[in-house]
Amino acid sequence: MSANADRDTPPVVGREATRVVVVPDGPLLVEGPVEVVLPDGSVRLSERPVVALCACRRSRTYPFCDTSHRRRGRPAPGSGRVVGQG
């Protein structure tokens, strides 16, 4: 399966596809409004036009991003060293 296979898949009839942008070392940006269902069944709502969903699970406002990924270092691939602290 090619990396572009889903681009050729038509959206659900009568509904536009929701755009999700994966930010490297950052959140998932989702066109809103969104309803997020958490593993415990609770629901979080956001009416914003673009919602940043946390991908690192460090956010104090999880499932929404609070930019905690910027304040904490991450291991450099294959080195065990921490990069990006600041």
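The shown structure was predicted, so the numbers you read here are calculated from the model rather than taken from an experiment.

**Q** When you look at the nonpolar core in this model, what are you seeing that I'm missing?
**A** As a rule of thumb, nonpolar side chains are buried together in soluble globular proteins. Counting residues in hydrophobic clusters, the biggest one holds 7 residues: Val 30, Val 34, Val 36, Leu 38, Val 51, Leu 53 and Phe 64. At the level of secondary structure, the elements contributing two or more residues to this core comprise strand S3 (34-37) and strand S5 (50-53). Apart from the residues lying within four places of it in its own chain, the contact partners of Val 36 are Ser 42, Val 43, Arg 44, Leu 53, Pro 63 and Phe 64.

**Q** Would you take a moment to explain the side chain of Ser 59 for this structure?
**A** Considering the arrangement of structural elements, one finds Ser 59 in the loop between S5 and helix H1 (68-71). Taking relative accessible area as the criterion, Ser 59 reaches 9% and is therefore assigned buried. Polar side-chain contacts of Ser 59 include one of 3.0 Å to the backbone nitrogen of Thr 61. A distance of 2.5 Å separates the side chain of Ser 59 from the backbone oxygen of Phe 64, its partner in a polar contact. With sequence-adjacent residues up to four places away left out, Ser 59 is seen in contact with Cys 54, Phe 64, Cys 65, Asp 66 and Ser 68.

Conventions used here
- Residues numbered from 1 in each chain as written.
- Predicted model: local features only at pLDDT ≥ 70, side-chain atom pairs only at ≥ 80, totals over all residues.
- Heavy atoms only, no water.
- Core = buried A, V, L, I, M, F, W, Y, C linked by side-chain atoms within 4.5 Å.
- Buried < 20%, exposed > 50% of the residue type's maximum accessible area, 1.4 Å probe, protein only.
- Helix = DSSP H or I, 4+ residues; strand = E, 2+ residues; numbered from the N terminus.
- Contact = heavy atoms within 4.5 Å.
- Polar contact = N/O pair within 3.5 Å; in protein donor to acceptor, adjacent residues only side chain to side chain.

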